[in-house]
Structure formats: structure tokens, C-alpha cells
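An overview of the molecular structure
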Amino acid sequence: MRGGRGACADFCRMETDCNSMELSSVSEFEEDAELNGFEGTDMKDMRLEAEAVVNDVLFAVNTMFVSKTLRCADDVAYINVETRERNRYCLELTEAGLRVVGYAFDQVDDHLQTPYHETVYSLLDTLSPAYREAFGNALLQRLEALKRDGQS
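Predicted model only: the values in this text are computed from it and were never measured. (Residues numbered from 1 in each chain as written. Predicted model: local features only at pLDDT ≥ 70, side-chain atom pairs only at ≥ 80, totals over all residues. Heavy atoms only, no water.)

This next bit is on the pattern of salt bridges. A complete count under the given rule lists four salt bridges for this structure. Between E82 and R88 there is a salt bridge, and its shortest N-O distance comes to 2.9 Å. For R132, the salt bridge is made with D125, and the minimal N-O distance between the two is 3.8 Å. Look at the salt bridges and you will find they share partners, linking E82, R86 and R88 into a network. (Salt bridge = Lys/Arg side-chain N within 4 Å of Asp/Glu carboxyl O.)

Considering the arrangement of structural elements, one finds E85 in the loop between β2 (77–82) and β3 (88–94). Sequence spacing of E85 and S128 is 43 residues, and the spatial spacing of their C-alpha atoms is 7.0 Å. Ignoring sequence-local partners within four residues, the contact set of E85 consists of S128, P129 and A130. Of note is the side chain of E85, whose polar atom sits 3.0 Å from the side chain of T83. (Helix = DSSP H or I, 4+ residues; strand = E, 2+ residues; numbered from the N terminus. Contact = heavy atoms within 4.5 Å. Polar contact = N/O pair within 3.5 Å; in protein donor to acceptor, adjacent residues only side chain to side chain.)

When we look at a pair of aromatic rings, we describe it by the centre distance and by the angle of the planes. Counted according to the given criterion, the structure contains three aromatic pairs. For the ring pair F65 and F105, a centre distance of 5.2 Å and an interplane angle of 85 degrees mean the geometry is edge-to-face. Taken together, the residues span a long stretch of sequence, with F65 in strand β1 (residues 63–66) and F105 in the loop between β4 (97–102) and α4 (120–127) at a distance of 40 residues. Judged by centre distance (5.9 Å) and plane angle (65 degrees), the rings of Y89 and Y103 are edge-to-face. (Phe/Tyr/Trp six-rings, centres within 6.5 Å; stacked < 30°, edge-to-face > 60°.)

Once that is clear, we can look at the packing of α4 against helix α5 (residues 129–151). Viewed as axis vectors pointing N to C, α4 and α5 meet at an angle of 125 degrees, and their least axial separation amounts to 5 Å. Taken together, α4 and α5 sit at an angle that is classed as oblique. From α4, Y121, L124, D125 and L127 reach across to α5, where they touch P129, Y131 and R132. Looking at the contact of α4 with α5 residue by residue, the class counts come to five nonpolar, no polar and two charged. (Axes fitted to C-alpha atoms, helices over the stretch in contact; angles between N-to-C directions. Parallel < 35°, antiparallel > 145°, perpendicular 65-115°, else oblique. Nonpolar A, V, L, I, M, F, W, Y, C, P; charged D, E, K, R; others polar.)

A separate point is the pairing of β1. The alternating pattern of β1 places M64 and V66 on a buried face, while none of T63 and F65, on the opposite face, is buried. In the sheet, β1 pairs with β2 via four bridges, with the strands oriented antiparallel. Following the sheet pairing, F65 is matched in β2 by N80. (Buried < 20%, exposed > 50% of the residue type's maximum accessible area, 1.4 Å probe, protein only. Pairing = 2+ DSSP bridges.)

So, about the sheet that holds β2. Whenever strands of a sheet pair, they do so through backbone hydrogen bonds, lying parallel or antiparallel. In spatial order, the strands read β1-β2-β3-β4; together these four strands make up an open sheet with antiparallel pairing. With partners counted over all chains shown, the strands left at the sheet margins are β1 and β4, one partner each. The sheet shows a mean angle of 25 degrees between the axes of neighbouring strands, direction not considered. The sheet contacts of helix α3 (residues 46–57) involve β1, β2 and β3, and relative to β1 the element is tilted by about 170 degrees. The strands touched by α4 within the sheet are β1, β2, β3 and β4, with β4 carrying the most contacts at an inclination of about 40 degrees.

A few words on the nonpolar core. Of all hydrophobic cores here, the largest spans 27 residues; its most connected members are M64, I79, L91 and V120. Among the elements of the structure, α3, β1, β2, β3, β4, α4 and α5 are those that each provide at least two residues to this core. In terms of nonpolar packing, the next biggest core, distinct from the first, is built from six residues, A73, V76, C90 and V101 among them. (Core = buried A, V, L, I, M, F, W, Y, C linked by side-chain atoms within 4.5 Å.)

So, on to the environment of V100. Here V100 shows up in strand β4. With 20 residues separating them in the primary sequence, V100 and N80 have C-alpha atoms 9.7 Å apart. Ignoring any residue separated from it by four or fewer positions in sequence, one finds V100 in contact with Y89, C90, L91, L112, T114, L123 and L127.

Interpretation note: all reported values are geometric properties and have no functional meaning in isolation.
Below, the structure written as C-alpha cells:
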């Protein structure tokens, strides 16, 4: 999941903070992005990373939770997600990123060859138009709140 930074990374940093409605400085954005992007780490407990992923985007999906059925380890965790379109997926989280491994909760299809995504935002953006809309609405609300705060 290590990689170059650019417009996408800057955009993703904004996404990590969309649901909090708190004011954050640029350094906090960068710190959050580094934690969510696994930068500066060699190995983490993927269950903890998976919980952070869930908390970041729960506002934009019907349901999302770390699997209690599939084995989590230091190097892999599984996340179940139901999009607002009511499509269900089982996601695998590793150092390589996130990818769809099944089309039902707690299902891993070893023959499924899906690409890895560097962020959960990128993955959901490809799976769910309603996610994009929810994210856009959250971003708009945040910008309006910043504008109101700036005028007071």
C-alpha cells in the first residue's frame, strides 16, 4: 500500500475526515493519511486497521463490520460490507491494500481475481455510486460548516 502521493492522496486525506465535522489542521490530515495508508509501519494487527477502515466509511454504507467468522491475523483481516445499493461483499485487508474476495458476508472465493485498492475510498468508489453521493454530501456539509465558522 505504499506508493506515490499526489492529487488522489490529498483527496483521500480529505475523505478520512469527512464524517467527523471537526476542524483539523493539515498536519493532522497528513498524520491520519499516514496511519490509514500504513506508511512508516512494517507490520500491524490488521484487525485494528480493519476497525479503523470501518469507522472511516460507516456513514456512507448500509452496514460494515470486521468478520468474526474469518480468521484475522497480523497480516490479514476480512471486512463485510453492504453498500447502499444492498450489494454485499467480503473484503480482504492486507499490506497490499483492500480487495473484494467474495460477494456475500464471510465468503472467500479463492478463484476470484480482483484488483487491490490502496484505500477503502477507492474501492467503494468503484463498487457503489451511492457511496460517491454520500461522500460528496458529507464533503459539502463540511465545507458549509467551515464557511459558517469562518463567518462567525
